[in-house]
Structures are given as C-alpha cells and as structure tokens.
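# Coordinate inspection notes
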Amino acid sequence: MSPPAPAAALPRAAYFRPDWFAAEQERIFARSWLFAGLAADAPAEGGYWTLEAGPCPLLLTRSGGVLRAFHNRCRHRGAKLVEGRGAARLITCFYHRWCYQLDGRLRGIPDAQRFPEEARALGLETALVAEWNGLLFVNADAQAEPFEAWLGDAGAFLAPWPVAALTPVHRATHMLRANWKLFLENHIDGYHLAHLHRDSIDGLDHAAQRWTASGRHWLFFEPLSRPGIRPPFEPAGFPAIRQGGADGMGSTAWKLFPTFAGAGGESFVALLNVVPLAPAQTRVDVMVLAGQASPLARAWAGTKAALSRTPDVLAEDVRAVEAIQAAIGAPGWREGPLARGWEDAIGVFRSHVAALIGEGAPGD
Ligand code: FES
Ligand SMILES: [Fe+2]
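Rules and cut-offs
Per chain, residues are indexed from 1 in the order of the written sequence. Written order determines the labels here, with chains lettered from A and ligands numbered from 1. Thresholds applied to this predicted model are a pLDDT of at least 70 for local features of residues and 80 or more for the giving and counting of side-chain atom pairs; totals over whole chains, interfaces and linings are not thresholded and use all residues. Hydrogens and waters are ignored; side-chain quantities use all the structure's heavy atoms. Coordination partners: N, O, S within 2.8 Å of the metal, 3.2 Å for Na, K and Ca; water not considered, so apparent gaps in a site are possible. Any residue under 20% of the maximum accessible area for its type is buried, any over 50% is exposed, and the rest in between are partly exposed; the area is computed with a 1.4 Å probe on protein chains only. The way it works is that DSSP assigns letters per residue, a run of H or I at least four long becomes a helix, a run of E at least two long becomes a strand, and they are numbered from the N terminus. Within 3.5 Å is the distance limit for a polar contact, defined as a pair of N or O atoms, with the added protein rule that one can donate a hydrogen and the other accept it, and that residues adjacent in sequence qualify only through two side-chain atoms. We call two residues in contact whenever any of their non-hydrogen atoms come within 4.5 Å of each other. For every residue, the predictor reports its confidence as pLDDT, a number between 0 and 100. Each salt bridge in this description consists of a side-chain nitrogen of Lys or Arg and a carboxyl oxygen of Asp or Glu lying within 4 Å of one another. Strands are treated as partners if at least two bridges between them are detected by DSSP. Between N-to-C directions, angles span 0 to 180 degrees; the directions come from axes that are lines fitted to C-alpha atoms, helices contributing only their stretch in contact.

### Side note on the coordination of the iron ion (ligand 2)
Around the iron ion (ligand 2), the donor atoms from the protein are His192 (NE2), His197 (NE2), Asp317 (OD) and Asp317 (OD), and they sit 2.0 to 2.6 Å away. When the donors of the iron ion (ligand 2) are listed by position in the chain, the intervening gaps give H-x4-H-x119-D. By relative accessible area, which is 1% here, His197 ends up buried.

Written out as structure tokens, the structure reads:
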C-alpha cells in the first residue's frame, strides 16, 4: 500500500481554532498511547502517581506487584480523586469519602444503605499502561489497541537504546507559542536540517537521509558525513550505548504517533514528549539519557559540550515553528509546495490526524 499523497491534508483552522483543539483532544489524545515518563519513575508498591493523558486525568497505582492505570475520578459524582504522587493503602475521595483499593475495587461507601446494591460494584474505571524498554506509556481508552500492536516495528527500531540502564543527564521543559502539530511537522521535516541547523548540526550526511512509515509512526536515519569520525553532537566522555541496529553510525530519529518523538546517537538518546496545552500553546519535555561515564571529570566536559549544542538546535526549531504560527492565522495564508521525499512525512502525518478527526471536522 503506498502512503497517502503528501498534500496539505488539514485546514488552516486545525492550527489555531479551539474547536479543532477540542476535537483532537477527544478523538486523538483520549484514545492514543502517550509517553508518560521513565518506567523507573512509576509508582513503587503501595504508591500512586497522577498524570494527564490528553484531556483525561489518570491515576497509576502499584499493588500486589501490578502496575495499573485508572481514570482519576470518583464513581459517585465524578470528582477528581487525587493530585500528585504518594503512598496510600486506600484512595479516599475528599467529597463524600467513597474509598477505593489500589487495585481499583470500591472498598466503602458511607451511609451505604442509601445507595442501590449495584453501587458496590463501582470500582475505578480502568485505563491502559505499558512498561517497555525502561519507558512508560498510557492510554486513557481501555478499549484501545494493545500497546505492542501500536508500537509495531518501532519497537525494534528503538530497542538498541537500553533506556532502563541509562542515566538522565539533561532535563528541560520548553513552552512553545505554537500548535503541537507544527512542532512535530518540523521534527519530521528532513529538508530543514541542512538549512535551519546549518551551524548547529555538524557531521551528518543530510543528503543520504531516509525515513520509513511504520503504522502511523515515522522512523528516520541519516549516516555520518565522515564515517568513523565521532561527530560533534556525540558527547565526548560518554561510552557508546547503542546495542546493535542495522544502520551503522549516524543519527536516528523517530516520532511515534501522536506525540512521542526523539533522537538517538551512539552515546545518547533524547526523548521529546510533546504535550498540547491550547491551540497555540505546547509544552515539550526533553530528557537526554546517556551511559555511566568515567572518569567523572570527562563526563562533565562531555555533558557541557553536548548540552551547549542541544539548546541551539531546539531554539532554532522553536523559532521556525513559532514563525509559522505567527502567520497562519491571517486570512489568505497558504502553504507552498513541500520538498519531494524530504518533506513527504508531513503530509502523511496530516493525513493520519485528518483520518482520526474524521467526518464533521471543524471547517477552515
Ligand atoms: S464525589 Fe467522590 S464521594 Fe462523592
Ligand atoms: Fe530541527
């Protein structure tokens, strides 16, 4: 099956109108697998952790050794149950004190005689959670496709980076004045690498780039421009961590639909979690992980060298994305042709968004 034609598959309104944003939250984010953090940060036995999966507040718990996900809302009047993270034997609603076990079962209803017998079966509503290769993912829709089916071939693509054995060396949060799709369209745009990042990315052969579609995911690789020479973006002082992978030395990047992006080299992996907050407001959480460096002094030098470049690249991307957002709201705004091959992935991504929004999409 050939991929959809790389055309502008979305109306302008998709980038700034609140009704589009609301439709995406409901039809994409309330039903998709979303990156939730490192598996190492998930709750320990007897613990809980709250997070947002698109529009859905979720609650992760671990009891009897099982990590579970629930909707973070009470089965009585539907109040949000808990905030933050902590340890608890029971989750008790502050409002009328219905209480739940960490496995989701309803434990008690005050003045229970005032409720029908069936009320006793109202446990927490389940959601989905998956731990994979040191990463944690959630899906608010208990009926969604299984995690492994969603991951597909991207699993083999990401497996060379053993996240569970790595250490976070850099974390940052960036707030963008732009729609979430613009950030990701830029991430999968192979044309801008040689131009926007002319001075900030060195050592890669952009002309030899290639990407493949796997399900709705985008998987990308480009080789080193000087084979065998450690490129500037690889932090000196950190060991090689990549375990296998068929492509040889170079830079790998991915975007798992809808919003888990990243890039990996020989000695690091960078995770980008893209969180839509409003039609023209997006949060991007960045985490860079590397192996245990030694000696420590060299590690620091390497970290600093690597980090002095990372923010440059991201700042350039943010500038580009915000520049489109600043212009797209004007009547008459039109996008020109996209670069054959190097920007085709943008059209493919838009066609997936359009298909999920489906009939009755808000107009232009
Ligand atoms: S809303 Fe939770 S007990 Fe009433
Ligand atoms: Fe970029």
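### Thoughts on the side chain of Asn72
Within the secondary structure, Asn72 is located in the loop between β4 (66-71) and β5 (85-87). One polar contact links the side chain of Asn72 to the main-chain amide nitrogen of Leu81, over a distance of 3.1 Å. Of the polar contacts made by the side chain of Asn72, one reaches the backbone oxygen of Val82; its length is 2.8 Å. In contact with Asn72, other than residues within four places in its own chain, are Thr50, Pro57, Leu58, Leu59, Ala79, Lys80, Leu81 and Val82.

### Here we look at the confidence of the model for the protein
Predicted confidence across the protein gives a mean pLDDT of 91, with 90% of residues reaching 70 or more. Confidence drops under a pLDDT of 50 for residues 1-6, and excluding neighbours within four residues, the segment shows five contacts in the predicted structure.

### Things to note about the pattern of salt bridges
Applying the stated criterion across every chain yields a total of 14 salt bridges. Of the charged contacts in the structure, one is a salt bridge between Arg350 and Glu185, with a shortest N-O distance of 3.0 Å. Of this pair, Arg350 sits in helix α6 (residues 344-357) while Glu185 sits in helix α4 (residues 180-187), and the two are 165 residues apart along the sequence. For the pair shown, Arg350 and Glu185 are each scored as buried. As a salt-bridge pair, Glu266 and Arg242 come within 3.0 Å of each other at their nearest N and O atoms. In this pair, Glu266 is assigned in the loop between β15 (260-264) and β16 (268-278) and Arg242 in the loop between β13 (217-223) and β14 (250-256), connecting sequence segments 24 residues apart. Classification of Glu266 as buried rests on a relative accessible area of 11%. Assessed through its relative accessible area of 17%, Arg242 is described here as buried.

### Remarks on the sheet that holds strand β8 (residues 106-108)
If you walk across this open sheet you meet the three strands as β6-β7-β8, and the pairing is antiparallel. Across the chains shown, the open sheet's two edge strands, defined by having one partner strand only, are β6 (90-92) and β8. Neighbour to neighbour, the strand axes of the sheet diverge by 35° on average, direction disregarded.

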